[in-house]
Amino acid sequence: MHDTTALLVELGAVILGLGLVGRFAGRIGLSPIPLYLLAGLAFGHGGLIPLKASEEFTMVGAEIGVILLLLLLGLEYSASELVTSLKTQYPSGAVDFVLNATPGAVAALMLGWGPVGAVALAGVTWISSSGVIAKVMTDLGRLGNRETPVILGVLVMEDLAMAIYLPLLTAMLAGVSLAGGSLALVIALGAVGIVLYLALRHGRLISRAVSSDNPEMLLLVVLGLTVLVAGVAQQLQVSAAVGAFLVGIALSGEVAEGARKLLTPLRDLFAAVFFVFFGLSTNPADIPPVLLPAALLAVITTLTKIATGYYAARRAGVGPRGRWRAGGTLVARGEFSIVIAGLAVATEPRIGPIATAYVLILVIVGPLTARWTQPLAEKIAARRNGGEPAAAGKGGTGASAVGAADPAPKSAPERRLGSHDDLTPEPAGDKRE
């Protein structure tokens, strides 16, 4: 009974604190993610008042938070849009890998960690945080922006690449034979292929089977199916986030719309728990000794991620403002980087603290770059042009100057699309069929 009481008290205090922190962040116009992380640091291992009774519950809640973030993101797009994005964005995926994995590999080799450490740290610096980015885009109201499918394409390619990378890294760390590593890889790729096939060929049948006029039944079926698929995907060495995302794209029409409305409050709650748990699991005392190299690596890979997003959006024909937004949004690292570091820490213990500091820096910086990269780029361009606003993209009407008045209120569909000068046509077949 005492343990249950302590659990309820801690959980109540954490959730209440999250609500107050979120309100404060809204008042100052900041994403609440950095504040959630700092709160987690304050009350985690080595913090001011460690929270022990609720640690296990918070860990499970954090897993659910990532799953819901990716499910809701998947519900925004259809399977055909995903395939089109993958077909058009694979060069961007290659650029993403080269620009962002290379700094980590080079840093590990310079630190004398050897090939296994280099492969591990390359993964830490390569993979953006789908969970953090999904939350940031939601907070900033950008899910309907024209650069969002580009961001999504890069993230999905990274997540799917994990189906290859994680089995290979695990085999390297364990010293498994080539045959054993190849078997794990074949299983992972087969699982992804099956789920994609079902989403593409039988998505409407799945939606029909899940559909219900009763909101309670719809919520239970969609949530249960998502958690089940995520668990099976994790068991098959595929990311649970990938499984949840694929469930989202398999659902369409009224089912997707209804699921969005029902699951959005749950997503917001458990996503907040995820970011707090990340802070709770980090010992603040481990950060100062590795802060300088982690910060240097963070600066380099912030620039390379912005370049990646800019290149990917430019290839897709997105206007200049959307290119900078895409680059700034991709900066955050998070759950995958921590998973990779956790796998490698037994073989190379030194990777743990530097990966933690690196991710903590970028998970705080990421929401800021998502918000401010585009205005800063416009301001720099305006100074270069003698104070004149930068020209818009092809066929544009000109980007508004920094600090210009907001446009007049728009109708709901226009607000969803945003009031940006990204002049490519809106992607056909938005999630609602």
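Because the structure is predicted, anything quoted here is derived from the model rather than measured. (Residues numbered from 1 in each chain as written. Predicted model: local features only at pLDDT ≥ 70, side-chain atom pairs only at ≥ 80, totals over all residues. Heavy atoms only, no water.)

Before going further, it helps to spend a moment on the packing of aromatic side chains. Per the counting criterion, the structure on display carries three aromatic pairs. Pairing F97 with W126 gives two aromatic rings, centres 4.9 Å apart and planes at 75°, and the pair type is edge-to-face. Of this pair, F97 sits in helix α4 (residues 79–110) while W126 sits in helix α5 (residues 114–126), placing them 29 residues apart in sequence. What makes F97 partly exposed here is its relative accessible area of 43%. With relative accessibility at 9%, the residue W126 sits in the buried group. Ring geometry for W126 versus Y165: centroids 6.2 Å apart, planes at 85°, classification edge-to-face. Here W126, found in helix α5, pairs with Y165, found in helix α7 (residues 148–174); they are 39 residues apart in sequence, far enough to count as distant. These aromatic residues form a ring-pair network of at least three members: F97, W126 and Y165. (Phe/Tyr/Trp six-rings, centres within 6.5 Å; stacked < 30°, edge-to-face > 60°. Helix = DSSP H or I, 4+ residues; strand = E, 2+ residues; numbered from the N terminus. Buried < 20%, exposed > 50% of the residue type's maximum accessible area, 1.4 Å probe, protein only.)

Another point: the side chain of T302. Summarising the element assignment, T302 is placed in helix α12 (residues 291–315). Leave out the neighbours within four places in its chain, and T302 touches V331, L362 and T369. (Contact = heavy atoms within 4.5 Å.)

Turning to the confidence of the model for the protein chain, a few remarks are in order. Scored by pLDDT, the protein chain comes out at a mean of 78, with 79% of its residues at no less than 70. Within the protein chain, the lowest mean pLDDT, 32, falls on helix α16 (residues 412–417), and the highest, 95, falls on α12. Considering only residues more than four positions removed or in separate chains, one finds that residues 391–433, a stretch of pLDDT under 50, has 80 contacts. (pLDDT = per-residue confidence, 0-100.)

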